[in-house]
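# Summary of structural features
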Amino acid sequence: MNSEDFFTKLETQIQNGNPFVAYRNPNDKNGLTKAFLQDSDKVYRTCVFNESGFVFAPFEDENNAFFIPSENAESITTKYAADKDSEVKKENQDFPPAYTNAEAKIQHEKLVQQGIKAIQKGEFKKVVLSRNEDVQTQLEALGIFKNLLKKYETAFVYYWFHPETGIWLGATPETLLKVERDKFKTMSLAGTQSFQGTSNVNWGEKEIEEQQIVTDSILENLQDKVSGTIHRSEPYTTKAGNLLHLQTDIQGILDSEKSNLKSLILALHPTPAVCGLPKKNAKEFILKNEGYDREFYSGFLGEMNMKKEIKRNSNRRNQENQAYASILKQTSLFVNLRCMKLEAGKARLFIGGGITKDSNPADEWQETVNKSHTIKSVLVK
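Small disclaimer: the values here were computed from a predicted structure and weren't measured.

Scanning all chains against the criterion turns up 23 aromatic pairs. Seen in terms of ring centroids, Phe-49 and Phe-300 are 6.1 Å apart; in terms of plane orientation they differ by 45°. Their pairing is tilted. With Phe-49 in the loop between β3 (45–46) and β4 (53–57) and Phe-300 in strand β16 (residues 300–307), this pair connects stretches of sequence that are 251 residues apart. Pairing Tyr-292 with Phe-350 gives two aromatic rings, centres 6.2 Å apart and planes at 25°, and the pair type is stacked. With Tyr-292 in the loop between α7 (279–289) and β16 and Phe-350 in strand β19 (residues 346–355), the pair connects residues that are 58 residues apart, well separated along the chain. Note that Lys-239 overlies the ring of Phe-195, its terminal NZ or CZ placed 4.7 Å from the centroid. Arg-294 extends its terminal NZ or CZ atom over the ring of Phe-59, reaching a point 4.4 Å from the ring centre.

Laid out in structure tokens, this is it:
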């Protein structure tokens, strides 16, 4: 489908009040932007995670996730290529005015200080604390989505609409979970610094420790879900928009007798990169002290139990293997970071950072300001 017809169909879905999601997977070799257009305004939810379709889950109540079933939706695709000249121009233009709300700065630094004190008391090792920020935008949702597609080839870019949730858009760098047959992949992502023209950078003790905490927690949570050894890479620097992060890749084989997709999701979500460690204590602190509802920020979203088409080799004689390959299912879920909720000409941004015993409240505030630039850059024409 050509991109003009593709985007027109998205607009029609909103006019009809029917849910949809449009998205592009990171580093898609085919450059395909996909969409699921639900055929009615019926509300579907999932708590078992064994259906096929697209899931959109909140931070707090993952057992109450919204869902677009593939059997109740039209699937469409298009190729929407980035205009490189436009992309360069957008990199060089000004962001919306810098956020200078003194009261918000004081509140966030106070929140961070509370988190540091709780860590010093031994309540948890790490907690991820966030804030939100409303920004006037010159663009409608479709224009923002196009900007996200042009700017973030290495992120999971999405545009979600549901009458119950409103419009959400984002470009997240973080994979929660990928599963194909019994193989799974996830990642540990933590630490942030601005991209200054090179990825060959030094990391401070605070960022290295934070990333190690995330990695250790994921490995511990997965230990009783897998068969054999869990493999992990050495930490390396990865670029997401105008930011750099520390990343460790983690993969292994699921033990089907001990685990299923739901148990794997619940073992990982919310990750230490968006919540903290231990998970229960950090989450309680967030819900008690952050002072706002994260909604779907730091939740998860993506394709679930989608059938993958396998091209059969006509020379094969083993019909049993061919049949097995033809029913292959894939799940690709992402943590909902670098996202916004759009309503009434305003984009509500959600920005957070990991707090450890070595955190500095003023530095943590500045980190949220730096992160906000990543998403603010797509709000201007």
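Right, picking up where we left off after that structure.
A complete count under the given rule lists two cavities of 30 Å³ or more for this structure. There is about 290 Å³ of room inside the largest cavity. Lining of the largest cavity is provided by 26 residues; of these, Ala-273, Leu-337, Arg-338, Gly-352 and Lys-371 occupy positions nearest its centre. Among the secondary structure elements, those contributing two or more residues to the lining of the largest cavity are β7 (126–136), β11 (183–194), β19 and α9 (361–376).

Quick look at the layout of surface pockets now. Here the largest pocket defines a volume of roughly 1,400 Å³. Lining of the largest pocket is provided by 45 residues; of these, Asn-25, Pro-26, Lys-178, Gln-330 and Ser-332 occupy positions nearest its centre. For the lining of the largest pocket, the per-class residue count stands at 15 nonpolar, 17 polar and 13 charged. Empty space within the second largest pocket amounts to approximately 370 Å³. Residue lining of the second largest pocket: 16 residues in total, with Val-179, Arg-181, Asp-182, Asn-305 and Lys-329 positioned closest to the centre. Of all the secondary-structure elements, those providing two or more residues to the lining of the second largest pocket are β10 (175–180) and β17 (329–335).

Bringing the environment of Gln-196 into the picture now. Mapping Gln-196 onto the fold places it in the loop between β11 and α5 (205–222). Look at Gln-196 and you get exposed, because its relative accessible area is 66%. Residues Gln-196 and Asn-242 lie 46 residues apart in sequence; the distance between their C-alpha atoms is 8.1 Å.

How each quantity is defined
Residues numbered from 1 in each chain as written. Predicted model: local features only at pLDDT ≥ 70, side-chain atom pairs only at ≥ 80, totals over all residues. Heavy atoms only, no water. Phe/Tyr/Trp six-rings, centres within 6.5 Å; stacked < 30°, edge-to-face > 60°. Helix = DSSP H or I, 4+ residues; strand = E, 2+ residues; numbered from the N terminus. Lys NZ or Arg CZ within 6 Å of the ring centre and 35° of its normal. 1 Å grid on protein atoms, 1.4 Å probe; cavity = no way out; pocket = protein on both sides within 12 Å on 5 of 7 lines; lining within 4 Å. Points joined across faces, edges and corners; volume = space filled by probe spheres on them. Nonpolar A, V, L, I, M, F, W, Y, C, P; charged D, E, K, R; others polar. Buried < 20%, exposed > 50% of the residue type's maximum accessible area, 1.4 Å probe, protein only.

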